[in-house]
Amino acid sequence: MIKKSIALILIAILFVAIFFTLANDLPFGDNRTTTGVSDKYIYHGVNDTGASNLVTAIVVNYRGFDTLGEVTVLFVAATGVGAVLYNMGRPAGKKRKKTEASLIVRTGSRILFPMMLLFGAYIFVHGHLTPGGGFQGGAVIATAFLFKYVSDTRYHIDHNKFTATESVVGMTFALVGIMGLLLTGYFLFNFLPNGSPGELLSAGIIPIIYVAIGIKVGAELTGILDNMMEVEQ
Amino acid sequence: MILTIAVAILILMMMVFAVYSVETKDLLYAVVGTMAVSLIVSILFYVLQAPDVAMAEAAIGAGISTAVFVIAIKKTERYEHD
Amino acid sequence: MIYYMAAAFLIAIGIYALMLKKNMIKMVIGLSLMDSGVNLLLISLGYINGGTAPILLNGVKPQEVVDPLPQALVLTNVVIGVSVTALALSVIIRVYKHYKTLNSDKVRDMKW
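Bear in mind the structure is a predicted one, so any value in this text is a computation, not a measurement.

Calculation notes
Residues numbered from 1 in each chain as written. Chains lettered and ligands numbered in written order. Predicted model: local features only at pLDDT ≥ 70, side-chain atom pairs only at ≥ 80, totals over all residues. Heavy atoms only, no water. Contact = heavy atoms within 4.5 Å. Buried area = accessible area lost by both parts, 1.4 Å probe. Salt bridge = Lys/Arg side-chain N within 4 Å of Asp/Glu carboxyl O. Polar contact = N/O pair within 3.5 Å; in protein donor to acceptor, adjacent residues only side chain to side chain. Helix = DSSP H or I, 4+ residues; strand = E, 2+ residues; numbered from the N terminus. Nonpolar A, V, L, I, M, F, W, Y, C, P; charged D, E, K, R; others polar. Phe/Tyr/Trp six-rings, centres within 6.5 Å; stacked < 30°, edge-to-face > 60°. Buried < 20%, exposed > 50% of the residue type's maximum accessible area, 1.4 Å probe, protein only. Lys NZ or Arg CZ within 6 Å of the ring centre and 35° of its normal. Core = buried A, V, L, I, M, F, W, Y, C linked by side-chain atoms within 4.5 Å. Axes fitted to C-alpha atoms, helices over the stretch in contact; angles between N-to-C directions. Parallel < 35°, antiparallel > 145°, perpendicular 65-115°, else oblique. Patch = residues over 30% accessible without salt bridge, like charges linked within 9 Å, V, L, I, M, F, W, Y side chains within 5 Å. Areas by Shrake-Rupley, 256 points an atom, 1.4 Å probe, with all protein chains shown as cover. Expected span 1.5 Å × (residues − 1).

Novice: Would you take a moment to explain the interface of chain B and chain C for this structure?
Specialist: One frequently used descriptor of interface size is the decrease in accessible area upon assembly of the parts. Taken together, the contact between chain B and chain C spans 40 residues of the former and 42 residues of the latter. Both sides of the chain B and chain C interface together cover about 3700 Å² of buried area, and 77% of this is carbon and sulfur. At the surface where chain B touches chain C, the tally comes to two salt bridges. The shortest N-O distance in the salt bridge between Lys 21 of chain C and Glu 23 of chain B comes to 3.5 Å. Counting every contact that joins chain B to chain C gives seven residue pairs in polar contact (both at pLDDT 80 or more). Those elements that provide at least two residues to the side of chain B that touches chain C are helix H1 (2–23), helix H2 (27–47) and helix H3 (51–75) of chain B. Among the elements that line the side of chain B that touches chain C, the one with the most residues is H3 of chain B, at 13 residues. For the side of chain B that touches chain C, the class distribution of residues is 27 nonpolar, seven polar and six charged.

Novice: I keep staring at the packing of aromatic side chains and nothing clicks. Help me out?
Specialist: Two aromatic rings are characterised by how far apart their centres lie and by the angle between their planes. A full pass over the atoms with the stated rule returns nine aromatic pairs over all chains. Ring geometry for Phe 28 of chain A and Tyr 3 of chain C: centres 5.3 Å apart, planes at 25°, overall stacked. One end of the pair, Phe 28 of chain A, is in the loop between helix H1 (2–25) and helix H2 (38–49); the other, Tyr 3 of chain C, is in helix H1 (residues 2–20), on a second chain. Classification of Phe 28 of chain A as buried rests on a relative accessible area of 17%. Residue Tyr 3 of chain C is classed as buried on the basis of its relative accessible area, which comes to 8%. Relative to Phe 162 of chain A, the ring of Phe 145 of chain A lies with its centre 5.5 Å away and its plane at 80°, an arrangement referred to as edge-to-face. Placement of Phe 145 of chain A in helix H6 (residues 134–151) and of Phe 162 of chain A in helix H7 (residues 159–184) is noted, with a sequence separation of 17 residues between them. By relative accessible area, Phe 145 of chain A is classed as buried at 13%. Taken together through their ring pairs, the aromatic side chains of Phe 28 of chain A together with Tyr 3, Tyr 4 and Tyr 47 of chain C make up a single cluster. The ring of Phe 113 of chain A carries the charged tip of Lys 148 of chain A above its face, separated from the ring centre by 4.9 Å.

Novice: Mind showing me how you'd approach the nonpolar core here?
Specialist: One recurring pattern in soluble globular proteins is that nonpolar side chains are buried together. By size, the foremost hydrophobic cluster in this structure holds 119 residues, and its most contacted members are Met 228 of chain A together with Ile 25 and Leu 89 of chain C. Among all residues touching Leu 89 of chain C, those that are not within four sequence positions of it are Met 228 of chain A, Val 68, Phe 69 and Ala 72 of chain B together with Ile 25 and Val 28 of chain C.

Novice: Just to check I follow, could you spell out the packing of helix H5 (residues 103–125) of chain A against H6 of chain A for this structure?
Specialist: Between two packed helices, both the angle of their axes relative to each other and the distance between the axes serve to describe the pair. Residues and elements named next belong to chain A. One can describe the packing of H5 onto H6 by two numbers: an axis separation of 8 Å at closest approach and a directional angle of 170°. What the angle tells us is that H5 and H6 run roughly antiparallel. Touching Val 105, Arg 106, Gly 108, Ser 109, Leu 112, Phe 113, Met 116, Leu 117, Phe 119, Gly 120, Ile 123 and Phe 124 of H5 are Gly 134, Gln 136, Gly 137, Gly 138, Val 140, Ile 141, Thr 143, Ala 144, Phe 145, Phe 147, Lys 148 and Ser 151, all from H6. Classifying every residue of the contact of H5 with H6 by side-chain character gives 13 nonpolar, nine polar and two charged.

Novice: Honestly, a nonpolar patch on the surface in this entry has me stumped. Any pointers?
Specialist: All names here are of chain A. A surface patch of nonpolar side chains, amounting to about 830 Å² of accessible area, comprises Phe 65, Leu 175, Ile 178, Met 179, Leu 181, Leu 182, Leu 183 and Phe 187. For the nonpolar patch, the leading source of residues is H7, giving six residues. Tracing the chain through its elements places Leu 183 in helix H7.

Novice: Please explain H2 of chain B as it appears in this structure.
Specialist: Because the α-helix completes a turn every 3.6 residues, residues three or four places apart line up on one side. All names here are of chain B. Here H2 contains 21 residues, and its C-alpha end-to-end distance of 30 Å stays within 8% of the 30 Å for a straight helix at 1.5 Å per residue. Measuring from the side-chain oxygen of the N-cap residue of H2 to the backbone nitrogen of Leu 28 gives 3.1 Å; that N-cap residue is Asp 26. Of the residues one or two after H2, Gln 49 is the one with positive phi, at around 65°.

Novice: When you look at H7 of chain A in this model, what are you seeing that I'm missing?
Specialist: Residues and elements named next belong to chain A. The terminal C-alpha atoms of H7, which comprises 26 residues, lie 37 Å apart, in line with the 38 Å expected from a rise of 1.5 Å per residue. By the burial criterion, the buried members of H7 are Phe 162, Glu 166, Val 169, Phe 173, Val 176, Gly 177 and Gly 180. Among the structural elements, helix H4 (64–84), H6 and helix H8 (206–229) are those in contact with the buried residues of H7. Between the side-chain oxygen at the start of H7 and the backbone nitrogen of Asn 160 there is a gap of 3.2 Å, and the oxygen is on Asp 158. Remark: Gly 185 follows H7 within two positions and exhibits a positive phi of approximately 100°.

Novice: Just checking my understanding: could you explain the pattern of salt bridges for this structure?
Specialist: Side-chain pairing between opposite charges can occur once the charged atoms of the two side chains come close. Residues and elements named next belong to chain A. According to the stated counting rule, one finds five salt bridges over all chains in the structure shown. In this structure, the salt-bridge partner of Asp 158 is Lys 161, at a minimum N-O distance of 3.9 Å. One salt bridge connects Glu 220 with Lys 216, and the closest N-O pair in it is separated by 3.2 Å. Of the two residues, Glu 220 and Lys 216 are both situated in helix H8; the distance of four residues between them amounts to about one turn of the helix. Comparing Glu 220 with Lys 216 shows no difference in burial state: the two are buried.

Novice: Any chance you could explain the interface of chain C and chain A here in plain terms?
Specialist: Taken together, the 46 residues of chain C in the interface contact 54 residues of chain A. Buried area between chain C and chain A, both sides added, is near 4500 Å², and the carbon and sulfur share of it is 79%. Taken together, the links from chain C to chain A amount to zero salt bridges. The tally of links between chain C and chain A comes to six residue pairs in polar contact (both at pLDDT 80 or more). For the side of chain C that touches chain A, the secondary-structure elements that each account for two or more residues are H1, helix H2 (24–45) and helix H3 (68–99) of chain C. Its residues assigned to classes, the side of chain C that touches chain A shows 36 nonpolar, seven polar and three charged.

Novice: Even after reading the chapter, I still don't get the side chain of Glu 70 of chain A, so can you show me in this structure?
Specialist: Examined against the element boundaries, Glu 70 of chain A turns out to sit in helix H4. Each residue touching Glu 70 of chain A, except ones within four places of it in the same chain, is listed here: Phe 135 of chain A together with Thr 76, Val 79 and Ile 80 of chain C.

Dropping the structure here:
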């Protein structure tokens, strides 16, 4: 009990410290963009990259190397889930659950599954124009496969095909970077024409990389879900 | 003005859900509380003019993350013992 | 200002769950709440009064958008957060198979 009250007092002090430091030093709603690097991104972003969505411009173009590292972290985490849960899968041919899903869920999944895939693809193809991008689209695709798992107790993905897809799109990302290195002298530098902002085929290498990221994130999150679901109880 | 009141109500609800999800003994209810927190945070992101992040938080925080928690609880046990 | 309070509250309650809860899944839930709190904090630091979303279409001027840099950072953090959660939970599943308990005090090898 004494331990708990000491911890609660410490956490209350922490809360007050965080809140008042923020409220004093960094007032909410102040314009801080003129002091940092954000100014360059806001005023020159569209001219430099050709993408009208500035968040996409930063994530894929200015900080593309950062994003490559982030995709690597995601890949390592997916591999780690597979390694930790190694040899815990259910025997082949056995059902995952005892009860089947109801008719409404099964029919609904058959109708909605292609639409969800299409919506995910729409999100990551238009990443440089509208809100959205590879990470969001990949998550929507993984949700579509999750829906398929919920509706069918025998459904499981083909791991070899998913691994192959993942490797191909991961290598596409790296190859685009290396082509930038060869053609312009900088890794992941934009070597394609920018086009006019606001059109689908614009912004140089951004659509290629975001499509690759979308497929990769979708495949990896589906792989994580599959690995965790196949564990025998 | 109306927006400020709506945001205040949302944040109050978020605090209640956060306390509930930490304090309840049933882990499945706790996960649903976490999902509600994620959903409200994603609405707040939209109010703060960050539609990209709002989309990611709604799809990942409220969708995939909840699914991962529910699978883990199903493979282990549902109630928290003292 | 109210956003700062929400973010600080989420961080504080996440630390509370990490410090005082014995159940390992409860700890991961606390970690996830703390993740949301940090994301909310970063996004609210980048907000500018009266700003619009940083998408320069349909005649939006560069002077009136909010800061896009924290949004780009948080976007990657959200995805990292779910993969870390999945990794932690699969370790917990492995531990449960071996020790038949979720209580971190009863897992002998975690004591020090």
